[in-house]
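# Chains, contacts and geometry: an overview
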Amino acid sequence: MTTEKPVQAENRLQEITALCKSRGFIFQSSEIYGGLRSSYDYGPLGVELKRNIINEWWKEMVYSRENVVGLDAAIIMHPKVWESSGHTSSFADPLVDCKICKERFRADKAPKKNPGEESIISLADKGRAKVACEQIEKEYGLKLERDGKDIAGAKVTECGYVCPNCGSPFLSDERQFNLMFRSFMGSVDPMNEVAQAIEKGELANLKGNELKARLETLLKPSTVYLRPETAQAMFVQFMNIQRSMSLKLPFGIAQAGRSFRNEITVKSFIFRSCEFEQMEMEFFCKPGTDDEWMEYWKEARISWWKRLSNHPENFRFRQHEPHELAHYAKGCFDVEYKFPWGWDELEGIANRTDYDLKKHSEHSGKKIEYFDTETQEHYVPYVIEPAAGATRGVLAYLNDALAEDEIPDSEGKPQKRTVLRLHPRLAPIKVAILPLVRKDGMPEKARGLASKFFQEGINSDYDEMNAIGKRYRRHDEIGTPYCLTVDNQTLTDNTVTIRDRDTTKQERIHVEEAVAIVKDKLFKR
């Protein structure tokens, strides 16, 4: 029997981060050069976990349905795609700087307070608080009271929010910050155009917005963007896919791939980063049936997340308030997960109406519509979009799976272990093959068994290092659901023990049946 002791919530993220690095799930990108903020590399186990999540999503969304097909679109698309969708003009966050601690943050995510309300400014130490008091008196003419590292007496301004880092109401004005990564395409470096304009004196008398506008004009012919979402390609390719596959409404187009956003605030390990993977599906339906399909996809999506988890109670819906809705959305629900810091978005299910298809039709000059052969109607379909974060899914399932428990040792005494209770189909390694000792023909027998799993395409690990107990603990910690051990009895009756990660119970099975038994355990859940 195992007695589970969940990892303390306040240390949860640190526990996950430490496990990811020590066991080869996730590393800081470019770590030997000091790392790159919000950029991460997925190690041998991390890449398997992420791919397994995406593969399970693909099976659920595409392979188990006759009316959903896939797409793998280019990351760099024609710039007019983003002009038509509104990304170049409105895909921006309000950016604010704290005048006291210098934190840069999104205004819409800052802690809200009533104008005129007192806000305590809390800094890292007494020295910084003293300097801040002197700065506030000098720049704002206010003499505030300091108690150690805390400063009292500051009042919230009309903006109605304070710095999320220190609580200061002394903030810069909001300015819009576009979230798309810009790049340049073509054989000629656009900076040559800028250099020539400077040499000719064309920019000499320009300042501020005029200078910015002139530079934009020089750079625009070569400007491209890294896609901030995968959705637009599915709208742009709607007609090609519908005609080539002879699809009838309702039908969906699914895509899993990387997106890029120049996030102002990156936080919570891989939860919010500049480069991430999405799993999106655009489901096209006849106007008037969209509310029904919205309900269908809501339930289908939250059921999928729960089905692969240990704690389904940690998933819930949150309906967007009217002021939160994107301008094109008729309605939106988030699937939220209870992360270590609280409830946060894992997937959004939105009714995008016919906005995107109409916009691309308008800007491209091409007709984008559906002809219903049964009713002889031409119309622009409505779209229900379940859009999930694969990267956030990795973090959610790691948090869901990580636990500490106690199991009896060989003498029956309780022994602590760390275990990653990943669903077997999500586990990076499905089965470990372990010779009890490295002699008496056991390694050869174990390698022969391992080769059978490799031939079947089941990700397996042959492991002969350290004592058998340590090997069990190592595989418990990385989430391997089953361990097969070759021992002395194997050499006489051709049986091995199969050990279950979660219960630690063992039973003997015949070597020739091992692959079939593990397959059955993997896919029957």
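Residues numbered from 1 in each chain as written. Predicted model: local features only at pLDDT ≥ 70, side-chain atom pairs only at ≥ 80, totals over all residues. Heavy atoms only, no water.

In this section: the overall build of the protein. A tally of helices and strands in the protein yields 16 helices and 27 strands. Here the protein, with 525 residues, has 49% of them falling under the buried criterion. If you take every contact in the protein between residues at least 6 apart in sequence, the share linking residues at least 24 apart comes to 68%. With an accessible surface of roughly 26,600 Å², the protein has 49% of that area assigned to carbon and sulfur atoms. (Helix = DSSP H or I, 4+ residues; strand = E, 2+ residues; numbered from the N terminus. Buried < 20%, exposed > 50% of the residue type's maximum accessible area, 1.4 Å probe, protein only. Contact = heavy atoms within 4.5 Å. Areas by Shrake-Rupley, 256 points an atom, 1.4 Å probe, with all protein chains shown as cover.)

Taken together, three strands build an open sheet; the order of strands is E7-E9-E8 and the sheet is antiparallel. Since the sheet does not close on itself, it has two edges, and those belong to strand E7 (118–122) and strand E8 (145–147), each with one partner. Averaged over all adjacent pairs, the angle separating strand axes in this sheet is 30 degrees, with direction ignored. The pairing of E7 with strand E9 (residues 150–155) spans four bridges and is classified as antiparallel. Across the sheet, isoleucine 121 pairs through a bridge with isoleucine 151, a residue of E9. Taken strand by strand, helix H5 (residues 126–140) contacts E7, E8 and E9, and its axis lies near 180 degrees from that of E8. (Pairing = 2+ DSSP bridges. Axes fitted to C-alpha atoms, helices over the stretch in contact; angles between N-to-C directions.)

Attention now goes to H5. Each α-helix turn comprises 3.6 residues. Residues three or four places apart therefore point the same way. Between the first and last C-alpha of H5 there are 21 Å, a value that for 15 residues agrees with the 21 Å anticipated at 1.5 Å per step. Taken together, the buried positions of H5 are occupied by Ala129, Ala132, Cys133, Gln135 and Ile136. Buried residues of H5, viewed axially, fall in a sector of 165 degrees; they line one side. Facing away from the buried side of H5, by more than 90 degrees, are the exposed residues Val131 and Lys138. A distance of 3.2 Å separates the backbone nitrogen of glycine 127 from a side-chain oxygen at the start of H5, and that oxygen is part of aspartate 125. Count one or two residues on from H5 and you reach glycine 141, which has phi positive near 70 degrees. (Expected span 1.5 Å × (residues − 1). Arc of directions from axis to C-beta. Polar contact = N/O pair within 3.5 Å; in protein donor to acceptor, adjacent residues only side chain to side chain.)

On to the pattern of salt bridges. Applying the stated rule across the entire model yields 35 salt bridges. With a shortest N-O distance of 3.5 Å, glutamate 295 and lysine 298 are connected by a salt bridge. Of this pair, glutamate 295 and lysine 298 both sit in helix H10 (residues 290–307), three residues apart, which is roughly one turn of the helix. Notably, a salt bridge pairs arginine 352 with aspartate 356, separated by 2.8 Å at the nearest N-O pair. Accessibility assignment for this pair places arginine 352 and aspartate 356 in one class, buried. Salt bridges here are not isolated pairs; linked through shared partners, they connect Asp405, Arg417, Arg421, Asp476, Arg499, Arg501 and Asp502. (Salt bridge = Lys/Arg side-chain N within 4 Å of Asp/Glu carboxyl O.)

Relative to each other, helix H1 (residues 12–22) and helix H12 (residues 390–401) sit at 105 degrees, their axes nearing to 11 Å. In terms of orientation, H1 and H12 fall into the roughly perpendicular class. The residues of H12 that touch H1, namely those facing Arg12, Leu13, Ile16 and Cys20, are Leu395, Leu398 and Asn399. (Parallel < 35°, antiparallel > 145°, perpendicular 65-115°, else oblique.)

Let us now look at the packing of aromatic side chains. A full pass over the atoms with the stated rule returns 23 aromatic pairs. Arranged with centres 4.7 Å apart and planes meeting at 55 degrees, the rings of phenylalanine 238 and phenylalanine 284 form a pair that is tilted. Here phenylalanine 238, found in helix H9 (residues 238–244), pairs with phenylalanine 284, found in strand E14 (residues 275–285); they are 46 residues apart in sequence, far enough to count as distant. Exposure class is identical for phenylalanine 238 and phenylalanine 284. Each is buried. Three or more aromatic residues joined by ring pairs make a cluster, and in this case those are Phe271, Trp304, Trp305, Phe315, Tyr337, Phe339, Trp341 and Tyr397. Its end group placed over the ring of phenylalanine 271, arginine 392 keeps NZ or CZ at 3.8 Å from the ring centre. (Phe/Tyr/Trp six-rings, centres within 6.5 Å; stacked < 30°, edge-to-face > 60°. Lys NZ or Arg CZ within 6 Å of the ring centre and 35° of its normal.)

The next point concerns helix H14 (residues 468–477). Along H14, the positions that sit buried rather than exposed are Ile468, Arg471, Tyr472, His475, Asp476 and Glu477. At the C-terminal side of H14, glycine 479 shows a positive phi close to 90 degrees.

Bringing the sheet that holds strand E25 (residues 482–486) into the picture now. In any sheet, the strands associate via hydrogen bonds between backbone groups, in a parallel or an antiparallel arrangement. Strand order in the open sheet made by the five strands is E24-E23-E25-E26-E27, with mixed pairing throughout. Since the sheet does not close on itself, it has two edges, and those belong to strand E24 (460–462) and strand E27 (506–510), each with one partner. Across this sheet, the average inter-strand angle for adjacent strands is 25 degrees, counted without regard to direction. Relative to E25, strand E23 (residues 431–435) runs parallel, the two sharing five bridges. Opposite isoleucine 433, over in E25, you have leucine 484 as the bridge partner. In this fold helix H13 (residues 442–455) packs onto E23, E24, E25 and strand E26 (495–500), with an angle of close to 165 degrees to the strand it touches most, E23. Across the sheet, H14 is in contact with E23, E24, E25, E26 and E27; its angle to E23 comes to roughly 170 degrees.

Another point: the environment of aspartate 150. One can find aspartate 150 in strand E9. For aspartate 150, a relative accessible area of 28% gives the class partly exposed. Side chain to side chain, aspartate 150 and serine 122 meet in a polar contact 2.8 Å long.

Quick look at the nonpolar core now. By size, the foremost hydrophobic cluster in this structure holds 52 residues, and its most contacted members are Phe25, Met279, Trp305 and Tyr397. When neighbours within four sequence positions are excluded, phenylalanine 25 is seen to be in contact with Leu19, Cys20, Asp41, Tyr42, Gly43, Leu45, Gly46, Leu49, Leu398, Leu420, Pro428 and Ile478. (Core = buried A, V, L, I, M, F, W, Y, C linked by side-chain atoms within 4.5 Å.)

Here the focus is a nonpolar patch on the surface. Taken together, Ile75, Ile76 and Met185 make up a surface patch of nonpolar side chains, about 250 Å² in accessible area. You can see isoleucine 75 is positioned in the loop between strand E4 (68–70) and helix H3 (79–85). (Patch = residues over 30% accessible without salt bridge, like charges linked within 9 Å, V, L, I, M, F, W, Y side chains within 5 Å.)

Moving on, we come to unusual backbone geometry. A cis amide bond links leucine 249 to the next residue, proline 250, at an omega of 0 degrees. Tracing the chain through its elements places proline 250 in the loop between H9 and strand E13 (251–260). Positive phi values are uncommon outside glycine, yet serine 246 reaches one of about 50 degrees. Its place among the elements puts serine 246 in the loop between H9 and E13. Here serine 246 falls in the exposed class, since its relative accessible area comes to 61%.

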